[in-house]
Amino acid sequence: MRYDFQRIEEKWQKDWEEKKLHRTGEGEGNKYYALEMFPYPSGKLHMGHVRNYSIGDVVARFKKMNGKNVLHPMGWDSFGLPAENAAIKHDTHPNVWTWDNIKNMRAQLKQLGISYDWDREIASCHPDYYKWTQWLFLLFYNNGLAYKKRSYVNWCPSCATVLANEQVISGECERCGSTVTKKDLEQWFFRITDYAQKLLDDMQKLEGWPDKVKTMQSNWIGRSEGASIDFDVEGIKSKITVFTTRPDTIFGATFMALAPEHPLAKEIVKDTGYEDEFNGFVERIKKMSEIERTSTELEKEGVFLGKYAVNPVNGKMMPIYAANYILLEYGTGAIMGVPAHDQRDYDFAVKYGLEIIEVVRPVGEENGKGMDRAFEDTGVMVNSGKYNGLDNYEAMSGIIDELERAGKGKREVKFRIRDWLISRQRYWGAPIPIIYCPECGEVPVPEKDLPVVLPLNVELTGKGESPLARSQEFVNTKCPVCGGDAKRETDTMDTFVCSSWYFLRFTDPQNKEKAFDKKKADYWMPVDQYIGGVEHAILHLLYARFFTKVLYDLGLCSFNEPFQNLLTQGMVLKDGAKMSKSKGNVVSPEDIVERYGADTARLFILFAAPPERDLEWSDQGVEGCYRFLNRIWRLVTDSVELYTEDSRYELHELSQMDKDLVYVINHTVKKVTDDIEERFNFNTAISAVMEMVNALYQYRDKDGFNPVVFRDGIEKLVVLMAPFAPHIAEELWHMVRNDGSSVHSQKWPDYDPKALIKDEIIIVVQINGKVRSRISIPADMDEETVKRTALEDEKVRSYIEGQTISKVVAVPGKLINVVVRR
């Protein structure tokens, strides 16, 4: 009988769908929520998708066979700029483009045999979904967590939209690679900074997350302890406030520097005669990317603003500059320049001939030396008045106390993370539900009027203002408070808002009255196993944690972390590089499935490398996996007449040949179970199954084999293969059992520990030289384990109860003597 994978896979995909084999409902306890990051519907799956979803499917199927009530849903992260750009390029509408792509990718996922509950499918671009995204925006807004302000923001000129800080990678747009510039706009923000400390503190709860991801999030949040210090400015009432982690160096501050965009810079330079030079400098800075301005290679430049600030600890007058290396988004957008102890300040001071005063000296160095660079380490205080001679960290506390008593500063904790900028000046996104009324001002859209529906009849050009801003039908509305003429907000939300709560919607996707029912969310959440790329460490994963904490604080759920365990899978490479069209090294999943079948594609992607490592594509490896499935097929189908009705046996009644096979069977069950459950080492699990197949072939061809043992091996082989290659496993199961049951509804096999003992020996156990018991142990058991086993023997324990063990002596392979005394 030929292995006709196409017929088999189509047959069982249809059967599973008709029977709704993977449909899930709430049950009593014992739940398991397996989730892979939902994809952007680009139109076709790539091999990275196949790897992600195959990993998740193994976990979901394995947990279900182990008695868990498994939720394994799929949906679509379907808003966003790529769909808008693609639609413009192909002269169609994003709505048409997106839904066509979803249809195609859904079919591809079904073709792979992934065990999704398709009744729970969601798409973030559907009004039934983004109605609740808008509702959540209003929830944040009404609780002071969403606000609008004018700000210099990251602007991608190619995408013609604003980017969050997290979406700027090395000064470039993460989407298109264009150099990011700054633009002064009114924008909407979420107050993620209010949750910075909670996000940091609760990192300790994420024991099932990779350390790498936790480190990336911790660094992005960036907690710093220090002091905020106020510096008076001559001639004006405004003060310059700086945050510094090194208040111990304040006696060495010799100048002040502000970001050119800092609002105070204009006020300070006014009427000083330096305005023209300052304005020219600002225009030059606007053309520089953030990565250029923060580079250590940057030549430090600035312009004098015509006024001086007063050092609050010694009264020293310090010139104020606007400097290219100071960014408005970092700290307060202003610094006290300490050239002796900060290299950037040192470079700036040297260029402009500013004073350099050493205030922290290396321990053991008595006389100050001429400085050719900044000393940024710890040391002893000098040139710092009453603090001279103190350890600089000891002095730091005293200096802050002095500043606080003088009302010039205070202890403070700052975070690197900035509020999440969610405004986007593009069309294909969830409209922000805010109305602007000339009389009432900023008015939230009433809940009863949600969703604010994205109009489909808009003109898409990809240039200029947002298509929504040009749609009079959308813009013009009535104020829900006074009924007068008003206008809608025309920005849409960052797509990461949509993906920050989708895992909650999966718990209750058909709910028309709520974003999700608390009882259902509390039953399923948190996600037990989340799977996706490490590139989302400081984007989606951080935002999802933030959303969950807000919802917890507002009483909408009973958990404050969304993902209990996280697996970040590696990339799929070909010829040593990530697959991409530009490199010409893309392998199409459709081609592989058509040529070898979905089970082969899945098996290779799981066998070629551990999930967390990068995987190198190999055509030979794919062919090898296809041959292996054929070997299993022949083993089972060629031996049908050898099966008995029963697969039960007593171990002690078996021959040594039978026991050898039983050992392999049980060893494989244990190995595969441990590798899936504890380590996700699918590659070594599959390797163990391959060895088992070899053993079954060899056993079948020997004289005197036991058909009962053989059938047990075949049944367990088929069940073990079910999570990895679900179609062939289902087909073979119906040949072996033929009772109408699905292999995917079977109980995961147990292993017999006794069957894993290959060779046994009898050890005599003496107590004070008298034989009291005999124990059977594996021949290769180490001496310490033999001693421990002897002491755990029931007869031995009854003899030594109430006595003190002096020592345990072993004669290897023969006896154990336990010396006791009362």
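Up top is the structure these notes are about.
Since the structure is predicted, the reported quantities are computational estimates derived from the model, not experimental observations.

**With respect to the overall build of the protein**
The helix and strand inventory of the protein stands at 27 helices and 34 strands. Overall, the C-alpha framework of the protein stretches about 105 × 80 × 50 Å when taken along its three principal axes. Looking at the protein residue by residue over its 822 residues, the buried ones come to 55%. Sequence separation of at least 24 residues holds for 72% of the intrachain contacts in the protein that already meet a minimum separation of 6. When the accessible area of the protein is evaluated, it comes to approximately 36,400 Å², of which 47% is carbon and sulfur surface. Averaged over its 107 positive side-chain charges, the protein has a centre that lies 2 Å from the centre of its 124 negative ones.

**Overview of the environment of asparagine 143**
When you line up the elements, asparagine 143 lands in the loop between helix H5 (127-142) and strand S5 (146-156). By relative accessible area, asparagine 143 is classed as partly exposed at 39%. Separated by 340 residues in sequence, asparagine 143 and glycine 483 have C-alpha atoms that sit 25 Å apart. In terms of polar contacts, asparagine 143 uses its side chain to reach the backbone carbonyl oxygen of leucine 139, at 2.8 Å.

**A word on helix H19 (residues 589-596)**
Buried within H19 are the following residues: Pro589, Ile592, Val593 and Tyr596. Mapping the buried residues of H19 onto a view down its axis gives an arc of 95°, with all of them on the same face. Facing away from the buried side of H19 by more than 90 degrees, the exposed set consists of Glu594 and Arg595. The inward-facing, buried residues of H19 abut helix H1 (5-19), helix H2 (47-65), helix H4 (94-111), helix H20 (598-607) and helix H21 (619-637). Of the residues flanking the start of H19, the one acting as N-cap is serine 588, its side-chain oxygen 3.2 Å from the backbone nitrogen of glutamate 590. Where H19 ends, the next residue or the one after it, glycine 597, has phi of about 100°, a positive value.

**Overview of the pairing of strand S11 (residues 239-244)**
As paired elements, strand S10 (residues 223-233) and S11 share 6 bridges and run antiparallel to each other. Bridging across to S11, aspartate 230 finds its partner in threonine 241. Connecting the antiparallel pair S10 and S11 is a turn made up of 5 residues, with glycine 235 showing a positive phi of about 85°.

**Thoughts on the packing of H20 against helix H25 (residues 726-736)**
The N-to-C vectors of H20 and H25 enclose an angle of 120°; their axes lie 7 Å apart at closest approach. The pairing of H20 with H25 is recorded here as oblique in orientation. Note on element contacts: H25 touches H20 through Pro726, His727 and Ile728, opposite Ala598, Asp599 and Arg602. For the contact of H20 with H25, a count of residues per class yields 3 nonpolar, 1 polar and 2 charged.

**Points about the packing of aromatic side chains**
Counting across every chain of the model gives 49 aromatic pairs. With a centroid separation of 5.3 Å and an interplanar angle of 85°, the aromatic rings of tyrosine 321 and phenylalanine 348 are classed as edge-to-face. Note that tyrosine 321 is positioned in strand S14 (residues 317-323) and phenylalanine 348 in helix H11 (residues 343-352), a separation of 27 residues in sequence. Among the aromatic residues, ring-to-ring pairing joins Phe137, Phe140, Tyr141, Trp188, Phe190, Tyr195, Trp420, Phe496, Tyr543, Phe546 and Phe547 into one connected group. The residue whose ring lies beneath arginine 61 is tryptophan 16, and the NZ or CZ to ring-centre distance is 5.3 Å. Seen from the ring of tyrosine 147, arginine 191 lies directly overhead, with NZ or CZ sitting 4.0 Å from the centre.

**Some words on the packing of helix H22 (residues 656-679) against helix H24 (residues 707-721)**
At their nearest, the axes of H22 and H24 sit 10 Å apart, and the two run at 15° to each other. Between H22 and H24, the crossing angle belongs to the class labelled roughly parallel. The crossing of H22 and H24 is left-handed. On H24, the residues that touch Asp658, Leu661, Val662, Ile665, Thr668, Val669 and Val672 of H22 are Val709, Asp712, Gly713, Lys716 and Leu720.

**Considering the nonpolar core**
Of all hydrophobic cores here, the largest spans 185 residues; its most connected members are Phe137, Phe190, Trp420, Tyr502, Phe503, Trp617 and Phe724. The contacts of phenylalanine 190, once residues within four sequence positions are left out, are Phe137, Phe140, Leu145, Ala146, Asp419, Trp420, Ile422, Val497, Phe546 and Phe547. With 53 residues, the next largest nonpolar core counts Val242, Phe251, Ile268 and Val303 among its residues.

**Some thoughts on the pairing of strand S32 (residues 770-778)**
The pairing of strand S31 (residues 760-767) with S32 spans 8 bridges and is classified as antiparallel. Pairing of isoleucine 767 across the sheet is with lysine 770, part of S32. Taking the residues that link successive antiparallel strands as the turn, the S31-S32 hairpin has 2 residues, and the phi of asparagine 768 there is positive, at about 50°.

Calculation rules
Residues numbered from 1 in each chain as written. Predicted model: local features only at pLDDT ≥ 70, side-chain atom pairs only at ≥ 80, totals over all residues. Heavy atoms only, no water. Helix = DSSP H or I, 4+ residues; strand = E, 2+ residues; numbered from the N terminus. Buried < 20%, exposed > 50% of the residue type's maximum accessible area, 1.4 Å probe, protein only. Contact = heavy atoms within 4.5 Å. Areas by Shrake-Rupley, 256 points an atom, 1.4 Å probe, with all protein chains shown as cover. Lys, Arg positive; Asp, Glu negative; His and termini not counted. Charge placed at Lys NZ, Arg CZ, Asp CG, Glu CD. Polar contact = N/O pair within 3.5 Å; in protein donor to acceptor, adjacent residues only side chain to side chain. Arc of directions from axis to C-beta. Pairing = 2+ DSSP bridges. Axes fitted to C-alpha atoms, helices over the stretch in contact; angles between N-to-C directions. Parallel < 35°, antiparallel > 145°, perpendicular 65-115°, else oblique. Nonpolar A, V, L, I, M, F, W, Y, C, P; charged D, E, K, R; others polar. Phe/Tyr/Trp six-rings, centres within 6.5 Å; stacked < 30°, edge-to-face > 60°. Lys NZ or Arg CZ within 6 Å of the ring centre and 35° of its normal. Left-handed = near helix turned anticlockwise from the far one by under 90°. Core = buried A, V, L, I, M, F, W, Y, C linked by side-chain atoms within 4.5 Å.

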